[in-house]
Amino acid sequence: MADVRVFRPKSLGGLLRLYARNPDALLYAGGTALVPQLRGPAGGSLELPPKVIYLGNVVELGRISRTQRYLDIGTTLSLARIMSVGRNVLPKVLQAALGSVANPSVRNLATLGGNLCSGDGGGDTLPALSAVGAQVELRSLGTTRWLRVERFAHPTGAAVLRPGEIACRVRVPLEEWDFQVYRKVGRRHGSDRACLSLAGVARLPKGTLEALHCSFGGLGLGAVPGREIEARLKSARLPLAPKTVDALLEELRRLLESRMPAAVSGGGQYRPATALRLFRWFLAGLNEKSLETL
Amino acid sequence: MPASGLIRLRFTLNGEEVAVQCQPGTRLLELLREEFQLHGAREGCGRGECGSCLVLMDGRAVNSCLVPAFILADSEIVTSEGLAQLKSYADLRKALGALDASGCGFCESGLKIALAALLLSDPQPREEEVRRALSGNFCGCGLHGVAAGREWASGAGSDRLAGRQGRRRRHGRR
């Protein structure tokens, strides 16, 4: 085995300088997605690249802070820690999405940044973060930029990071929502990520639809189908008539047929059919809620 | 000075400070079983899905099959062999022993760790919390332990337990 050098920076400044000098280094945080990939075909120890930067000691990346309008979550915070610290603050849809990831022991290791960087395939936190309008702060030596999560987490799993850039925190807007739902179907089994999810939030003062966001995970389309159908939904009257529900489902079906990558659907009907069922469930919930708020 | 490619680590293992030299990519599970001859944690799925390799790391249950050596420095590891040092050990023994919470034994160590982590954070967990805590533990021989743990929680603690044992004894005498 070739020598492996492990760097353990303690500050964000130190990390950015180190990463600028070693852009080929592997960034390691929770490792729950990485470790199974890094094990050789015969299993056993990890086959690490020559340079590894361990992010777990970088103080700034492990912080969670709250302002009146936002919750800023460091990307190396474990999912379990976010659920525990943000118990009374996190939007319910995000709390549900975090709780849907793997199992408690994996959530003790897995980080929010890692979950986002593993892309849309697992349908975990991405749709919920997208539904509430979360953004990711990306920093490199001397530059900072913010991206909406759905733009950051590329549908095929490759993040849009520039050389030397690191995802530092996720900013979650703290808004009031009358209706928040998250549902995931299926579980990850190793590299086979047969899960789909839907996250949706809405404000329904007196039964009228004031704001609505819904996002799908695991379709290989990012949050796109949700965003496109949102516009149509917003102009509809609540509760939705059966005809309107059928028309919306038909629109989603056409969208999935034309734009879902074959690599994701595998040419089969499981994913499109499951996405349609999830969407029907979402619309039924929305209708029910609109009647409650009348 | 460690040999080429090796890292030197110090961490606490079952209450004792230990030092070890290993490859950075050695997993905690391998260290425990091969370096320290602690065989309670076992390799099941190797992906964090079955829970048979659980250990406590700084008080939280983690899958030792997913933890590389290079993140271990200064951490505190407790394996199923070291659970007796925990303050909640008496409760844990009661939870496991009184309910026969073991099957073939393969998952038992992971089950103990998951329950120990739960009892550390909440000495009187509710059914929902026990279910959640054990949701990452797979028992291949019929879910004995998991079912028992869940029953323990649904029985609202030791009062119900005492009742169950009483009924068992009565059944035994018939």
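Here the residue numbers are simple positions, counted from 1 along each chain's written sequence. Throughout, the order in which chains and ligands are written sets their labels, letters from A for the former and numbers from 1 for the latter. Under the rules for a predicted model, residues below a pLDDT of 70 receive no local features and side-chain atom pairs below 80 are neither given nor counted, while totals for whole chains, interfaces and linings still include all residues. Values reported for side chains reflect all heavy atoms of the structure, with hydrogen atoms and water molecules removed beforehand.

**Q** What's the story with the overall build of chain A in this structure? I'm lost.
**A** In terms of regular secondary structure, chain A is built from 12 helices and 13 strands. When each of the 294 residues of chain A is scored for burial, the buried share is 52%. Pairs at least 24 apart in sequence give 64% of the contacts found in chain A among residues at least 6 apart. For chain A, the computed accessible surface area is about 13,200 Å², with 50% contributed by carbon and sulfur atoms. Helix and strand assignments follow DSSP, with helices taken as H or I runs no shorter than four residues and strands as E runs no shorter than two, numbered in order from the N terminus. Burial here depends on accessible area, computed with a 1.4 Å probe over protein chains only, as a share of the maximum for the residue type. Under 20% is buried, over 50% is exposed, and the range in between is partly exposed. The contact criterion used throughout is that any non-hydrogen atoms of two residues lie within 4.5 Å. Computed by Shrake-Rupley with a 1.4 Å probe, the accessible areas treat only the displayed protein chains as cover when residues are assessed.

**Q** Can you help me understand the packing of helix α10 (residues 242-259) of chain A against helix α12 (residues 270-292) of chain A in this one?
**A** Geometrically, a packed helix pair is captured by the angle between its two axes and the distance between the axes. Residue and element names in this part refer to chain A. For helices, the fitted line uses only the C-alpha atoms of the stretch in contact; every axis is such a line through C-alpha atoms, and the angle between N-to-C directions lies from 0 to 180 degrees. Contact geometry for α10 and α12: axes closest at 10 Å, N-to-C directions at 150°. One element, α10, and the other, α12, form an angle in the roughly antiparallel class. When you trace α10 past α12, the crossing you get is right-handed. Contacts between α10 and α12 involve Val245, Asp246, Leu248, Leu249, Leu252, Arg253 and Leu256 on the former and, on the latter, Pro272, Ala275, Leu276, Phe279, Arg280 and Leu283. Comment on the angle field: the value is read as roughly parallel under 35 degrees, roughly antiparallel over 145, roughly perpendicular from 65 to 115, and oblique elsewhere. Note on convention: the crossing is left-handed when the near helix lies turned anticlockwise from the far helix by less than a right angle, right-handed when the turn is clockwise.

**Q** For this particular structure, what's the right way to read the interface of chain A and chain B?
**A** Tallying the contact residues gives 28 residues for chain A and 28 residues for chain B. Of the roughly 2,300 Å² buried between chain A and chain B on both sides combined, carbon and sulfur atoms contribute 58%. A side-chain nitrogen of Lys or Arg and a carboxyl oxygen of Asp or Glu constitute a salt bridge if their distance falls within 4 Å. On inspection of chain A and its partner chain B, the count reaches one salt bridge. Taking the shortest distance from any N to any O, the salt bridge between Glu43(B) and Arg39(A) comes out at 3.3 Å. Pairing of N or O atoms within 3.5 Å defines a polar contact, subject to two protein rules: one partner must be a possible hydrogen donor and the other a possible acceptor, and residues neighboring in sequence count only if both atoms are side-chain atoms. Counting the contacts that link chain A with chain B gives nine residue pairs in polar contact (both at pLDDT 80 or more). For the side of chain A that touches chain B, the secondary structure elements donating two or more residues are α2 (34-38), β3 (51-54), α5 (104-109) and β10 (188-189) of chain A. Here the element with the most residues in the side of chain A that touches chain B is α5(A); it accounts for six residues. In this count, Pro and Cys sit with the nonpolar residues alongside Ala, Val, Leu, Ile, Met, Phe, Trp and Tyr, while Asp, Glu, Lys and Arg are called charged and the others, Gly among them, polar. Class assignment of the residues belonging to the side of chain A that touches chain B gives a composition of 13 nonpolar, 10 polar and five charged. Buried area is calculated as the accessible area (1.4 Å probe) missing from two parts once they are joined, with the contributions of both summed.

**Q** Would you mind showing me how to read unusual backbone geometry here?
**A** Among all residues except glycine, the phi angle is most often negative; among peptide bonds, the trans geometry is most common. A cis geometry characterises the amide bond from Leu238(A) onward to Pro239(A), with omega recorded as -10°. Here Pro239(A) lies in the loop between α9 (224-234) and α10. Positive phi, close to 50°, is recorded for Asn14(B), a residue that is not glycine. At Asp74(B), a residue that is not glycine, the phi angle is positive and equals roughly 65°. Locating Asp74(B) in the fold gives a position in the loop between β4 (60-63) and β5 (76-78). A relative accessible area of 70% places Asp74(B) in the exposed class.

**Q** Looking at this structure, I do not really get the packing of aromatic side chains. What am I missing?
**A** Aromatic ring pairs are defined here through the distance separating the ring centres and the angle between the ring planes. Classification of ring pairs uses Phe, Tyr and Trp, with its six-membered ring standing for Trp, and accepts pairs whose centres are within 6.5 Å; under 30 degrees between planes counts as stacked, over 60 as edge-to-face, and the remaining range as tilted. In total, this model carries seven aromatic pairs over all chains according to the counting rule given. Seen in terms of ring centroids, Tyr54(A) and Phe70(B) are 6.0 Å apart; in terms of plane orientation they differ by 75°. Their pairing is edge-to-face. Here Phe70(B) lies in the loop between β4 and β5 and Tyr54(A) lies in strand β3, a pairing that spans two chains. Like Tyr54(A), the residue Phe70(B) is buried in the burial classification. One aromatic cluster is present, built from ring pairs that chain together Phe179(A), Phe216(A), Phe279(A) and Phe282(A). We call a charge positioned over a ring when the NZ of a Lys or the CZ of an Arg lies within 6 Å of the ring centre and within 35 degrees of the ring normal. Stacked on the ring of Trp281(A), the Lys or Arg Arg183(A) has its end atom at 5.1 Å from the ring centre. One residue, Arg203(A), lies across the ring of Trp177(A), its end atom 4.5 Å from the ring centre.

These figures come from the coordinates and say nothing about function on their own.
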